[in-house]
Amino acid sequence: MTSPRDPALEDVARRRERRIAGITVTGRRRRPSGQKPPLPRRLGTSGRIWLAVAVATLALWISLFAFPGTTDWWTRLDHQVLNRFVDIRDATLTNIMLVLHALGSAFFIRPIRWIAIAVLVGFRKWRILIGVLVAFVIVDGVTRLLQLAVGRPRPLVEIIGDWVGYSHPSRPMALLAVTFAVVGLALIPKSRWRTYWFIATSVLVALLGISRMYLGVDHPTDVWIGWLVGPAVGVVVFQLIAPESVFPIAYGRGRSAHLDVTGRRGEAIRHALQDQLGIEVVSIEPFGLAGSGGSTPIRIECEGDPPTYIFGKLYAQTHLRADRWYKVARTVLYGSLEDEVRFATVRRLVEYEDYILLKLKDAGLPSPEPYGFVELTPEREYLIVTEFLENAEEMGDVDVTDEIIDDALLAVRRLWDAGLAHRDIKPANVMVRDGQVVLIDPAFATVRPSPWRQAVDLANMMIILALRSDPDYIYERAQRFFSPDDIAEAFASTKSVTIPSQSRSSLATFKRAQGTDIVARFRELAPSRDPISIQRWSVRRVALAVGAVVVVLIFLQLLIQNIVGAGFI
């Protein structure tokens with residue numbers, strides 16, 4: 001017998017639906033258990049190849065050195081192959097092999113690396129350049145350590161080529177292979193030309209391996225392991241530092257540290273918005289990339305008559321990783337700044353921003369209407385969706401009026417009164433629409449901030465207003481909402497690190513053009529106040545600083561050894 005249904009539960013199963021600014025957000029359905037997400041993680045062709053290479057290398061290594069019986073068997077097999085090469089030696093073939101043997105010399109590898117470095121410097125691909133340099137240095141260090149750990153002697157045949165040190169793994173093979181692999185990934189966009197590069201360079205590496213076996217310098221297994229270990233380690237290191245999904249290879253103008261929203265990811269965004277929010281998507285395009293480095297902003301055209309637009313910010317694991325490293329660097333330089341939060345997953349970051357958007361609306365602050373967020377890849381990739389501000393301009397592009405100045409200062413006053421801090425007030429995050437100020441991108445905002453953090457918000461707002469007006473006039477208008485002591489505290493708290501990079505750049509340009517230091521002028525106008533230190537010492541800061549110094553010293557030592565010795569550049 002079924003129990004009567006509680007009338008309060010009658011609407012539980014109904015589809016939630018609300019209409020905001022022309023967009024119907026329905027939350028149409030949840031993804032059934034077991035169904036794949038819109039953008040499931042999958043191993044691509046190159047990933048499967050590298051996985052197979054890693055498994056093959058590991059299996060060969062285990063069989064080479066883990067068991068005495070298999071070690072003897074591989075050694076006998078190596079010498080059988082080498083003896084066949086010895087049997088076919090003649091003067092002409094030996095001369096050819098000596099020429100091919102030079103492929104593994106520093107005189108061949110160094111120019112390739114220098115050319116790659118020069119190209120990356122010329123196009124200002126700094127993150128990719130760091131990935132290339134670190135990959136080269138680490139492969140060099142790994143192969144040196146492996147040679148010392150294994151300590152395998154040279155083959156027991158007549159050696160007619162140059163050699164140095166132990167034989168396993170073959171360092172020239174590893175260094176040439178990693179050079180070709182990393183240079184191809186760093187300089188050639190993903191296309192058939194990259195495939196041609198890898199095919200051609202694989203032939204050259206194979207010729208080097210044949211020459212080294214012919215000359216009796218390396219065992220066949222030394223050649224094979226060197227060929228695999230070099231690019232395997234180098235490519236992993238390079239991809240960790242400069243993943244192509246975030247730093248694509250492109251030689252045009254514009255910022256490249258954003259995700260591609262076409263192709264498979266674009267289709268996933270369409271399906272996610274349709275399934276999870278009930279929004280029919282017509283088109284997706286990048287929007288406002290110049291002012292965003294921590295996410296990929298997009299404009300989404302929705303079905304309707306006339307068409308309606310919404311705004312989306314795409315977050316991925318790479319953005320979270322970059323944010324973590326940025327905060328580690330800040331901790332080493334200044335200590336943990338107040339209200340710094342490290343997010344464990346992308347989901348937590350997006351949930352937090354969605355929550356902050358709702359808090360801003362509840363507090364009556366001028367901000368975009370939040371529509372929620374959708375999941376593309378669980379725990380790794382999410383899209384947060386808000387109202388698109390039609391006909392809005394950045395504060396840095398408008399002629400400010402008294403109304404705009406007062407509206408901007410009132411927004412900070414309301415943040416203070418609501419117990420909130422934006423923490424990233426800069427021209428790109430303060431929009432003006434129909435003469436009204438709107439605060440956007442509150443991803444770093446915080447609830448119940450410290451007085452120091454709120455004071456920094458006031459200083460940053462006064463700075464961006466002064467850039468479009470006059471510091472003296474902005475100071476006068478600010479006193480309508482804040483006391484002189486509040487303003488003095490704001491600029492006593494201001495340091496270079498508390499000012500967003502966009503504002504710092506604009507301040508430098510303003511000073512060159514007008515001869516006025518805006519921050520210094522505000523300090524002159526406000527009551528005298530001692531600077532507020534942001535240097536905060538902790539056990540974590542000391543440990544991170546010591547660790548960073550050790551890592552840098554090790555890297556410099558390896559770099560110097562490679563430059564002076566026979567290997568790196």
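### What to know about the pairing of strand S10 (residues 430–433)
(1) Moving on: Where strand S8 (residues 393–394) lies against S10, 2 bridges are found, and the strand directions are antiparallel. Counted as the bridge partner of Glu393 is Val432 from S10.
(2) Moving on: Relative to strand S11 (residues 436–439), S10 is paired through 4 bridges, and the arrangement is antiparallel. Directly across from Met431, in S11, lies its bridge partner Val438.
(3) Moving on: Between S10 and S11, which pair antiparallel one after the other, the connecting turn spans 2 residues, and Asp434 there sits at a positive phi close to 55°.

### Topic: unusual backbone geometry
(1) Moving on: With an omega dihedral of -10°, the bond running from His168 to Pro169 counts as a cis peptide bond.
(2) Moving on: Notably, Arg423 is not glycine yet its phi reads approximately 75°, a positive angle.
(3) Moving on: Mapped onto the elements of the fold, Arg423 is located in the loop between strand S9 (420–421) and S10.

### Here's the deal with the sheet that holds strand S3 (residues 281–286)
(1) Moving on: As summarised here, the arrangement of the 5 strands in space is S3-S4-S5-S7-S6, forming an open sheet in which the pairing is antiparallel. Of all strands in the sheet, those with a lone pairing partner are S3 and strand S6 (370–377), marking the two edges. Adjacent strand axes in the sheet meet at a mean angle of 25° when their direction is disregarded.
(2) Moving on: Alignment of strand S4 (residues 296–302) against strand S5 (residues 308–316), held across 7 bridges, turns out to be antiparallel. In the sheet register, Ile300 faces S5, and the bridge partner there is Ile310.
(3) Moving on: Sitting on the sheet, helix H11 (residues 346–362) touches S5, S6 and strand S7 (381–387), and the angle it makes with S6 is about 175°.

### Considerations on helix H4 (residues 106–122)
(1) Moving on: For H4, which comprises 17 residues, the first-to-last C-alpha distance of 24 Å matches the rise-based estimate of 24 Å (1.5 Å per residue) to within 8%.
(2) Moving on: Among the residues of H4, those classed as buried are Ala106, Ile109, Ile112, Arg113, Ala116, Ile117 and Leu120. For H4, the angular spread of the buried residues around the axis is 140°, confining them to a single face. In H4, the exposed positions that point more than 90 degrees away from the buried face belong to Phe107, Ile115 and Gly122.
(3) Moving on: Tucked inside the fold, the buried residues of H4 contact helix H5 (126–150) and helix H6 (171–187).
(4) Moving on: One or two steps after H4, the chain reaches Arg124, where phi turns positive at roughly 55°.

### Remarks on the sheet that holds S11
(1) Moving on: Strand order across the open sheet formed by 3 strands is S8-S10-S11, with antiparallel pairing between neighbours. The outermost strands of the open sheet, each flanked by one partner alone, are S8 and S11.
(2) Moving on: Contacting S10 and S11, helix H12 (residues 402–417) crosses the sheet at an angle of about 40° to S11.

### Concerning the packing of aromatic side chains
(1) Moving on: Under the criterion given, the structure shown has 9 aromatic pairs.
(2) Moving on: Measuring from ring centre to ring centre gives 5.1 Å for Phe287 and Phe388, while their planes differ by 70°; the resulting arrangement is edge-to-face. Residue Phe287 is located in the loop between S3 and S4, and its partner Phe388 is located in the loop between S7 and S8; the two are separated by 101 residues in the primary sequence.
(3) Moving on: Considering the side-chain rings of Phe373 and Tyr382, the 6.1 Å spacing of their centres and the 75° angle between planes classify their relative orientation as edge-to-face.
(4) Moving on: Taking relative accessible area as the criterion, Tyr382 reaches 1% and is therefore assigned buried.
(5) Moving on: Chaining the aromatic ring pairs together yields one cluster made of Phe287, Tyr309, Phe311 and Phe388.
(6) Moving on: Against the face of Phe136 rests Arg113, its NZ or CZ located 4.0 Å from the ring centre.

### Some words on the side chain of Thr494
(1) Moving on: Within the fold, Thr494 resides in the loop between helix H15 (484–492) and helix H16 (501–514).
(2) Moving on: Residue class for Thr494 comes out buried when judged on its relative accessible area of 3%.
(3) Moving on: One polar contact links the side chain of Thr494 to the main-chain carbonyl oxygen of Ala490, over a distance of 2.8 Å.
(4) Moving on: The residues touching Thr494, leaving out its near neighbours within four places in the chain, are Ala459, Ile499, Val519 and Arg523.

Procedures and definitions
Numbering of residues begins from 1 in every chain and follows the order in which that chain's sequence is written. This being a predicted model, a pLDDT of at least 70 is required before a residue's local features are given, and a value of 80 or more before pairs of side-chain atoms are given or counted; all residues contribute to the totals for chains, interfaces and linings. Derived side-chain values reflect all non-hydrogen atoms in the structure, with water molecules and hydrogen atoms excluded from consideration. For two strands to pair, DSSP has to find at least two bridges joining them. Helix and strand definitions follow DSSP, with helices as H or I runs of at least four residues and strands as E runs of at least two, each counted in order from the N terminus. Axis definition: a line fitted to C-alpha atoms, limited for helices to the stretch in contact. Angles are taken between N-to-C directions and run from 0 to 180 degrees. Residues are treated as being in contact if the distance between any of their heavy atoms lies within 4.5 Å. What a helix should span is 1.5 Å times the count of its residues minus one. Each residue gets one of three labels from its accessible area relative to the maximum for its type: buried under 20%, exposed over 50%, partly exposed in between, using a 1.4 Å probe on protein chains only. This arc is built from the directions going out from the helix axis to the C-beta atoms. Any two of the Phe, Tyr and Trp rings considered here, Trp counted by its six-membered ring, make a pair once their centres fall within 6.5 Å; the pair's planes then place it as stacked at under 30 degrees, edge-to-face at over 60, or tilted in between. As a reminder, the over-ring test applies to NZ of lysine and CZ of arginine, requiring each to be within 6 Å of the ring centre and within 35 degrees of the ring normal. We call two N or O atoms a polar contact when they sit within 3.5 Å, provided that within protein one can donate a hydrogen and the other can accept it, with sequence-adjacent residues counted only if both atoms are side-chain atoms.

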